[in-house]
There are 2 protein chains.
Amino acid sequence: SVNPDLASERQTASFSVEKLTAQLDGGVEQTRIRRAVVEAIESDPVFSRENQYFQSQNERYEAAVRKAVHLQKKMHEMGWTENGPEFKYIYRALSGDVAFLLHRIFMRSISVLGSDKQIAKWIPLATQYQLIGSYAQTELGHGTYLQGLETTAVFDITTQEFILNTPKISAMKWWPGDMGRSATHTVVFAQLYVQGKCYGVHPFIVQIRSLQDHSLCPGITAGDIGPKMNFEHIDNGYLMMQNVRVPRENMLNKFCEVQPDGTYVRRGSQKINYFTMTTVRISLLSDEVLTPLMKACTIAIRYSVVRRQSKLKPGEEEAKILDYQTQQEKLLPQLAAAYAFHFINDYLQELFNRGYREIQRKNFDTLPELHAFSSGFKAMVTQHCTSAVEICLRACGGHGYSLLSGLPSLYTKILASCIYEGENTVLLLQTARFLIKCFMAASAGQPVPPSVTYLAAVKPGKCPAKNKLDFLSPDIYTEAYQHMAVRLISSAAAKLQDLIQSGVKKHDAWNQCTVQLAQAAKAHCHYITVKNFAETVEKLETKAGIQKIMKHLCDLFALHGIFSNSGVFLHDGYISGVQMDMVTASYLDLLAVIRKDAVPLVDAFDFTDKSLNSALGSYDGQVYHRLYEWAQKSPTNKQMSPAYERYLKPLLHNRPSKL
Amino acid sequence: SVNPDLASERQTASFSVEKLTAQLDGGVEQTRIRRAVVEAIESDPVFSRENQYFQSQNERYEAAVRKAVHLQKKMHEMGWTENGPEFKYIYRALSGDVAFLLHRIFMRSISVLGSDKQIAKWIPLATQYQLIGSYAQTELGHGTYLQGLETTAVFDITTQEFILNTPKISAMKWWPGDMGRSATHTVVFAQLYVQGKCYGVHPFIVQIRSLQDHSLCPGITAGDIGPKMNFEHIDNGYLMMQNVRVPRENMLNKFCEVQPDGTYVRRGSQKINYFTMTTVRISLLSDEVLTPLMKACTIAIRYSVVRRQSKLKPGEEEAKILDYQTQQEKLLPQLAAAYAFHFINDYLQELFNRGYREIQRKNFDTLPELHAFSSGFKAMVTQHCTSAVEICLRACGGHGYSLLSGLPSLYTKILASCIYEGENTVLLLQTARFLIKCFMAASAGQPVPPSVTYLAAVKPGKCPAKNKLDFLSPDIYTEAYQHMAVRLISSAAAKLQDLIQSGVKKHDAWNQCTVQLAQAAKAHCHYITVKNFAETVEKLETKAGIQKIMKHLCDLFALHGIFSNSGVFLHDGYISGVQMDMVTASYLDLLAVIRKDAVPLVDAFDFTDKSLNSALGSYDGQVYHRLYEWAQKSPTNKQMSPAYERYLKPLLHNRPSKL
C-alpha cells in the first residue's frame, strides 16, 4: 500500500505523467521498448542488485562477471542485437553493474584504428569472447596529457617484432577497467621507436594472460589497483611489461604503419580519432550522469514528502519537509537541472549525429566546434550533476547517509565522471581556447561557427525587466545569460591581450588567465543550456499540461542560475540590485509553484524500485519499514560478533546479568 | 629518500615551520606532549590502521572494539588520565578509529542529568567497564525535532516502574553508536506519561543486553543499522522496546522526578542542558572537521608538487600541477580556510570557556549568544570544510578517487558532520532568529550582545578602495564583510516585517524568508571569521616570518570569499564592478605568492605518515611506489578469482594459449 503522504502528492498533478514520460523517451513506442527491456532484466535473478550494498569488492566483481556472461545468453534469448532498438536500454536497466565494458572499447579501438585485415582477425575473436579485451592508455604518472606517456615499443627489425617495456614505475599502466583480473588482451598505447627515432604514441595489441589457465604471460606483471570510492564491480588494473614481444602486425595500422624494413608510413587523416574521443564524452552523459541525477531527485523528493519534521504551523501535525522553503530550494533546482540537461543532451546528440554525417562526407569543418562542445558540456554537466546529487544526499539528513538510501553510491559513482574521459578543468580550458579564438575572429569581422555567432553581436545596455514577472520571460533571462557570457569571454580575452602586449610570454599569460577562462567557458555552456531549454519548451505540445510545467522548470533553472551566480550578472550593472531582488522574488515564488508537482515530475522519470535500489525512494514511500527490513539483512547482523568473545566477554565477565 | 620535487619545495620556506607548528599547538610544550602521544599510539601495532582500506564493516568494528579495550590498558601504562594534558591528543592520534565513544556520552548525560545518587551508582560501573553504555535519542522518524519523539515511558504506580514501549516503527531508536552490537545499557529518551498525562521527553537508563552472555534482554529488539558511507567501525544501532520495565530510580532525575505517588516534580533550571548540547557542537569542530581538512590539504598539496602534467612552457619538462593557476585556485583557498577555521576555533573555545565560568556563577545571560554562535559556526564550518575536502579530492584526479589516497574516507567522514548534532539548515535558522531579534533590538536602540553590536552601527556608503593593493588592507575587507552581513540581515528582517504587515501569518512569513535568513546567518559567521583572522594576525609575533605568511593567508581567505560570493558585495554597489576587478587581481596575485610556501604551510600541520594513511600524501612524496606497493596488498589480488573458474574458464576454454 502506498504511504498516504506520497499518494496525496500524485492526486494533484497538473499534467499527465505518462505523456511526460513518453516525451522524455522520445515517443510512446520508445517507452514501450524501454519498459520491456527493464522488465526482462529485472525479472531475471542473475541481474539482481538486491545485496549490492552488503557486498565486498570481490563479491561485486564476481557478480559483474557473472552478469556479463549471462547477458550474452540473455540477448540471444530475447533476440536483442547491438544494433537493435533495445540495446541502448540494457545498460541503464543493469544500472551499469556489469563487467567487460572495456572489452567494448577494445573492439571499438580496433574497428576505428585497425586495418581491414586486423579487423577481420580480431573482431570475430572478440565478438565470440575467444578473448577478453581491455584498453591500456592511462599510466600511473600520466593521464590527460597523452604525449607524456612513457611506455615504449621498440621495433626489432631482425625479428619483425615490437618490444614493449615499462621503463619506470610512473610508466606502469594504471586504471584500465577489466584489466586487473579479467582481460586476456589489451590495446597498449606506447611511444613507438624505430631505429632510435621516436614517432610518438601508437596502439598495440598485447596478450597479457594465457587463454588456457589465465596465468600472466611471460614478461607481464598485472593485477588489481585495489579499493576505490565506487566501481567495486570493475577490476581496474595495473600492467607492467618487460621485453614483451608482439609481431609487427599487432600495431593498429589503419593510419600509420611500420613496414618490414623499418620505414614509418603515415596515411589518411588522424582527425577522426579525436572525433571518437569527442563522441565518448557526449555519449556518457545520458547513462553515467543524467540517470544518476534523476534517480537522486526521485529518491530525495519522494522521501521529502514522507518525512515529517517540526511544525510549520503551531498546533498542526509535523510538516512534510518538502513544505519548507529551504528544502524546496535544495531539491527543486536540481530537478530543474535534470530536465535542462536532458534537453541539452538531446541537442548534443543531434548535433553530433549531424557532425558525424558531415565527417563521413569528408567535411571536417565542424570538428573544432564539436570538440569545444563536447569538452565544455562534459565538464559543465558532470560538475553540475555531481553537486546536485550531493545536495540530494545531504537533503535527506541521516538516512541519506545510509548506503541503503542508494544516494551514497549514486554520489560516489557520478563523482568519477568529473575525472574520467578528460579532467574537467583541462576540458573547460579547451573550450575556452576555442571561444577566445572565435571571439577574436568575430571582433575582426570574420565568420565563426553558428553556436558562437552571438559573440559578434555584443550589445551594451541594461536588462529591461521592470518587475518580477518580467523575469519569467525567456527572452529576458536568455538575453541576460548571453550578455554575461559575452562579457566574461571578452574580458578574459582583453586580459590575455593586455598581458601579452605588456611583454608577458604567451604561455605565462594564458596560465595567468585560466581561472577566468574556465569561468567563461562554463558561462558559455550555461547560456546555451538555458537557451536550448527555452527553445525546447516553445516547441512542446501545449496539451496535457506538459508545456506549462516545463516552462516553470525552465524559468526555475534560469533564475536559480542568476540567483546563485548573481555577481557575474551584477558586475557591469546589466542587472541592477533592484532587479536582482526581483529575480530572487520570482525564483522563490517558483519554488512554491513547482513543489506542487514535484512528485509527478520525478514519477515521470519512470524508475522501477529495483532500478532505484533505495530504501528511501520506492514508489510506495514505505521508508521506515524498508530501512528496517534491509538493515536486518546486513552481514553485521548475521552473527554474534567475534568481538564479543574476544574483547567484550573478558571485559564484562562474571557480573550479574542485570544491574 | 624524499622525492626531489617535494624536497625542493621545503628549501625555500619563507618562515620557520617548527615555530608555526608550535603556534598552532598553542606552545612548544603542547607540541612536545602531542608528539609524545602520537609516538606512543603509532608505535603500538594494536592501533595500526595499515589495512583499513581493505577491511569489511565487520572487520572495522572488530578492530575498533579491540582498540577501545586496549586503550584502557595503554592509558594506564602511560599514566594518561582523562584530566591530563595528553588526553585531548589521544583521539586525534587514533584518527577517531576506536569504539565506545557513545559510552562517554552515556556517562556525560548521567553526570549532567542524573542525581547525586544516580551518579554514585552508575558512573563507577561505567568507568570500570562493568557495562557499556550508549545514548538512544534519535528515532527512525525523528531527529532534530526532539519534541516529536514517539517512544513512550508510562509510570506504573503499582510496581513503581516505568514501562517503555516503541509504539510504531517510526519510533524505533535508530543511529545510536555502540548500540548495534556492543552496548549493554543505554540512556533512552521517551515521552513520559504519568496517570495519562504526558510530561514530554525524559531520559531513562535501560539495560538492553545481558551481562553474562550478551543476549538481548526480554522485550528488547536491537541490531546494527547496516552499511553507511563511512563510520564502518561504529555499530550504529536500532532498538525497539516492548513493555520493558525499569525501576523508578532509572529516570535521570536531577531536574525532574516522578515521586512514588506519581507526583511530577520539576526543579532547577534546564537551561544548562541546552548548554551541554551547545558545547558539543563546538567541541567537535577540532577533531571531526578541522583535522580532516588539514589532512586533505596536506595530501592534495604534497601530491600537486610531485605530480607533473602537460607543459607550461614549450620545450620544458612537464610542469608540477601546482604551478597551474587553476590548481592553485582549487587548493590554496582551502589551505587558507584551514587556518581561518583553526583560529576561529580557538576564539570559540575561549568564548565557551568564559561562558561556562559565567554559568557556573549562575549567570545565564550569555546563553542565547552562545547558542547562536555554536549553531551558526557548526553549520558554516562543517559545510565549508566538507566542500573543501571534496575540492582537494577532485583536485587529485584519478588517484584522489582511489581509497589508498586517503581522500575518499576523509570526505565521506566529514560529510556526516553536516548532518549530525543538528542539521545545518535548521542550525543556521536558529542563528538567524537570534540575529533578527538582535537587529530589531539594535534598531530600537536597545542593548545587544557584544558580538552583534555591529548591527547597530549600520553605515551606508561605499568601499573606499582605489586600487588592487587597497584590498590587501584588513580594514577594507573586514568593513566590506561587515557591510554585507548587515545588509543581508537587515533586508531579511525587512522582508519578514513587510510580509507580516501585509497580513501573512507569522510562521508562513518566516518560512518564506528562510532561504534568505540562512544566507544572512552564514554571512554573519563569515564576517566574524574574517575579522577574527585579521585580529589574530595582528597579534602574532613578527619574528620567523610567521606573521607575514599568515597575513597572506588571511588576505586570501577574505578575498576568496569576496571573489566567490561577489553578488552579495556588488548588490547595493558597496563594491563596484571596477573594484571587484581589483579584488580578482589581488586574489589571483596572492595565489602565486602563497604557492611558494604551500608545502611548508601543510608541513606545519605536523601529520605523521601513519596518521595521514595516504599513498599520495606521505612526507617523502614517493607516490607511485606507494600506490603500487599498497595495491598489491589488496584482497582483490590475493587469489585467482573464483570468477575465473566459474565464468571465464568456460568462456575461454579450449583455445590455444596464445592468439
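None of these values were measured; they are calculated from a predicted model.

What follows deals with the overall build of chain A. Tallying secondary structure elements over chain A gives 22 helices and 11 strands in all. The globule rule puts the C-alpha radius of gyration for 659 residues at 26 Å, and the 28 Å found for chain A is close to it. For chain A, the C-alpha atoms occupy an extent of roughly 90 × 85 × 55 Å along the three principal directions. A burial count over chain A gives 62% of its 659 residues as buried. A sequence separation of at least 24 residues applies to 73% of the contacts in chain A between residues at least 6 apart. Approximately 25,000 Å² of chain A is accessible, and the part contributed by carbon and sulfur atoms is 53%.

All names here are of chain A. The UniProt record annotates "active site" (unreviewed entry) at E421. Along the chain, E421 turns up in the loop between α12 (407-416) and α13 (424-443). Overall, E421 belongs to the partly exposed group, its relative accessible area being 38%.

On to the pairing of strand β3 (residues 161-165) of chain A. All names here are of chain A. Most of β3 sits out of view: 4 of its 5 residues are buried. Sheet analysis places strand β2 (residues 152-156) next to β3, joined by 5 bridges and oriented antiparallel. Across the sheet, A153 pairs through a bridge with L164, a residue of β3. The turn linking β2 back onto β3 is made up of 4 residues, and Q160 within it adopts a positive phi angle of 60 degrees. Summarising the sheet, β3 and strand β9 (residues 244-247) pair through 4 bridges and their orientation is antiparallel. When the sheet's bridge partners are listed, E161 is paired in β9 with P247.

All names here are of chain B. Tallied over the entire structure, the rule returns 2 cavities of 30 Å³ or more. When its volume is computed, the largest cavity comes out at roughly 60 Å³. Lining the largest cavity, in full, are E50, Y53, F54, L404, N613, W630 and K633. Here the residues of the lining of the largest cavity sort into 4 nonpolar, 1 polar and 2 charged. What lines the second largest cavity is simply E369, A372, F373, F377, T431, F434, L435, H524 and C525. Only α10 (367-395), α13 (424-443) and α16 (514-539) provide two or more residues apiece to the lining of the second largest cavity. Among the elements that make up the lining of the second largest cavity, the one with the highest residue count is α10 (4 residues).

So, on to the UniProt feature "domain: Acyl-CoA oxidase C-terminal" (unreviewed entry) in chain A. Here, the residues flagged by UniProt with the feature "domain: Acyl-CoA oxidase C-terminal" (unreviewed entry) are residues 474-652 of chain A. As annotated, residues 474-652 of chain A comprises 76% helix and 0% strand, and the C-alpha atoms at either end are separated by 70 Å.

Mapping chain A onto chain B leaves a residual RMSD of 0.0 Å; the transformation is a rotation of 180 degrees accompanied by 0.0 Å of translation along its axis. Interpreted geometrically, this transformation is the action of a two-fold axis. Relative to the rotation axis, the C-alpha of A:G567 is the closest in chain A, positioned 1.7 Å from it. Mapped onto chain B, 99% of the interface residues of chain A are again interface residues, and the two copies thus contact each other with one and the same surface.

All names here are of chain B. The strand order across the open sheet formed by 3 strands is β4-β8-β7, and the pairing between neighbours is antiparallel. On the outer flanks of this sheet lie β4 (173-174) and β7 (220-224), each paired with one strand and no other. By the bridge criterion, 5 bridges tie β7 to strand β8 (residues 237-241) in an arrangement that is antiparallel. In the sheet register, T221 faces β8, and the bridge partner there is M240.

The subject of this paragraph is the interface of chain A and chain B. If you look at the interface, chain A gives 138 residues, while chain B gives 137 residues. Taking both partners together, chain A and chain B bury about 11,400 Å²; carbon and sulfur atoms supply 62% of that area. Counting the surface chain A buries against chain B, the share from its top three residues, A:R394, A:Y401 and A:L659, is 8%. At the surface where chain A touches chain B, the tally comes to 4 salt bridges. Of the charged contacts in the structure, one is a salt bridge between B:R646 and A:E62, with a shortest N-O distance of 3.6 Å. On inspection of chain A and its partner chain B, the count reaches 41 residue pairs in polar contact (both at pLDDT 80 or more). For the side of chain A that touches chain B, the leading source of residues is helix α22 (residues 642-652) of chain A, giving 8 residues. Taken together, the residues of the side of chain A that touches chain B break down into 61 nonpolar, 51 polar and 26 charged.

Conventions we followed
Every chain begins its residue count from 1, and numbering advances along the sequence as written. Whichever chain is written first is A, and whichever ligand is written first is 1; the rest continue in order. The predicted nature of this model means local features are confined to residues of pLDDT at least 70 and side-chain atom pairs, given and counted, to a pLDDT of 80 or more, with totals for whole chains, interfaces and linings taken over all residues. Note that water and hydrogens are dropped before the side-chain values are worked out from all heavy atoms of the structure. Runs of E in the DSSP output that reach at least two residues are strands. Runs of H or I that reach at least four are helices, and both are numbered from the N terminus. Radius of gyration here is computed from C-alpha atoms only, and the compact-globule reference equals 2.2 Å multiplied by the residue count raised to the power 0.38. Whether a residue is buried, partly exposed or exposed follows from its accessible area with a 1.4 Å probe, protein chains only, as a fraction of its type maximum: under 20%, in between, or over 50%, in that order. Contact between two residues is taken to exist if any of their heavy atoms lie within 4.5 Å; hydrogens are not considered. Using the Shrake-Rupley algorithm and a 1.4 Å probe, accessible areas are obtained, with residue cover drawn only from the displayed protein chains. UniProt positions are given in the numbering used here, feature names are shortened, and annotations may be inferred rather than shown by experiment. Any two strands with at least two DSSP bridges between them are considered paired. We place a 1 Å grid over just the protein atoms. Points where a 1.4 Å probe fits but has no way out form a cavity, open points with protein on both sides within 12 Å along at least 5 of 7 lines form a pocket, and any residue with an atom within 4 Å of a point lines it. Grid points are joined across faces, edges and corners, and a volume is the space filled by probe spheres set on the points. When residue character is reported, Ala, Val, Leu, Ile, Met, Phe, Trp, Tyr, Cys and Pro are called nonpolar, Asp, Glu, Lys and Arg charged, and the others, Gly included, polar. Superposition of the copies was done by least squares, using only C-alpha atoms of residues whose pLDDT is at least 70 in both. By definition, the buried area sums, over both parts, the 1.4 Å-probe accessible area that each loses when the two are put together. The working definition used for a salt bridge is a side-chain nitrogen of Lys or Arg within 4 Å of a carboxyl oxygen of Asp or Glu. We call two N or O atoms a polar contact when they sit within 3.5 Å, provided that within protein one can donate a hydrogen and the other can accept it, with sequence-adjacent residues counted only if both atoms are side-chain atoms.

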